[in-house]
Amino acid sequence: MSFKTLAALAGAAAILCGCATTPSAPPSTAVVAPYADSVALSGRLNVRYLKDGKQESSTVKFDWKQDAQSTDVALFDPFGSKVATINVTPQGATLREGGNKPPLSAPSVDALSARALGWALPVAGLRGWLQGHATAADGKPWSASPAHSEVSTREGWRLHYTDWQPGSSPPRPKRIDAEHPGGGDVQQMALRIVLSE
């Protein structure tokens, strides 16, 4: 697997470019809309992590589609060229790169990303995170609001909803920062996700 694809995958799963943005005023103190099985979103994802003592970073654009049974993620480089797609179903996960490369499959997206990246991409968590929902460290469901915007998840991620789509009611996330201490060869993982309006 090419470094370019690995970098793009690291950027997925979920978005930016290090550009400073001014957070939008919180639209309200109301919580986000109820979790939906079917959503289609797009945005940018930036990933930073420490591996073998070296700081690594990558940024990708993504299109995200999910329904009750599957998740499809298309990854694009900063210039808009598609570099990979990931399909996740209850039967397993498949990564397809451009060109004539054979697809890479695994029983789960965690196993697939561990093979491709050396660490597990939190796709299962992102199904809820992108909508403002998570399972908290105590196992209870959690929903974001501008007034209640941080949570630690059951998987050890620290989520912070730092910006909201302007004028959205109920509020919809615009920027999500996620941090994880990592494990094994990878430490200090940080994701920055910026969702399009």
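We now turn to the structure provided with this report. (Residues numbered from 1 in each chain as written. Predicted model: local features only at pLDDT ≥ 70, side-chain atom pairs only at ≥ 80, totals over all residues. Heavy atoms only, no water.)

### Notes on the overall build of the chain
Helix and strand content of the chain: three helices and twelve strands. A burial count over the chain gives 46% of its 197 residues as buried. Accessible surface for the chain amounts to roughly 9,700 Å². Of this, 52% is attributable to carbon and sulfur atoms. (Helix = DSSP H or I, 4+ residues; strand = E, 2+ residues; numbered from the N terminus. Buried < 20%, exposed > 50% of the residue type's maximum accessible area, 1.4 Å probe, protein only. Areas by Shrake-Rupley, 256 points an atom, 1.4 Å probe, with all protein chains shown as cover.)

### Remarks on the packing of aromatic side chains
This model, assessed by the stated rule, comprises three aromatic pairs. Plain terms: the ring middles of tryptophan 129 and tryptophan 157 are 5.7 Å apart, the flat faces sit at 65 degrees to each other, and that makes the pair edge-to-face. Taken as a pair, tryptophan 129 in helix α3 (residues 123-129) and tryptophan 157 in the loop between β9 (150-152) and β10 (158-164) lie far apart in primary sequence, 28 residues in all. Its relative accessible area of 2% is what places tryptophan 129 among the buried residues. Overall, the relative accessible area of 5% leaves tryptophan 157 in the buried class. Measuring from centroid to centroid gives 5.8 Å for tryptophan 142 and tyrosine 161, while their planes differ by 35 degrees, and the two rings are tilted. (Phe/Tyr/Trp six-rings, centres within 6.5 Å; stacked < 30°, edge-to-face > 60°.)

### With respect to the environment of arginine 172
Checked against the element boundaries, arginine 172 lands in the loop between β10 and β11 (173-183). Apart from the residues within four sequence positions on either side, arginine 172 is in contact with Trp164 and Gln165. (Contact = heavy atoms within 4.5 Å.)

### Digging into the sheet that holds β10
Reading across from one edge, β6-β5-β4-β3-β2-β1-β12-β11-β10-β9 is the order of the ten strands in this open sheet, with antiparallel pairing throughout. A single partner strand is all that each edge strand has here, and the edge strands are β6 (104-106) and β9. Strand-to-strand twist across the sheet, computed as the mean angle between neighbouring axes with direction ignored, equals 20 degrees. With eight bridges joining them, β11 and strand β12 (residues 186-195) adopt antiparallel strand pairing. Residue isoleucine 176 lies in a different strand from β12, and its bridge partner there is isoleucine 193. (Pairing = 2+ DSSP bridges. Axes fitted to C-alpha atoms, helices over the stretch in contact; angles between N-to-C directions.)

### Re unusual backbone geometry
A cis amide bond, omega 0 degrees, links serine 169 with the succeeding residue proline 170. Structurally, proline 170 can be placed in the loop between β10 and β11. Even without a glycine there, the phi angle at aspartate 52 is positive, about 55 degrees. Tracing the sequence through the fold places aspartate 52 in the loop between β1 (39-51) and β2 (54-66).

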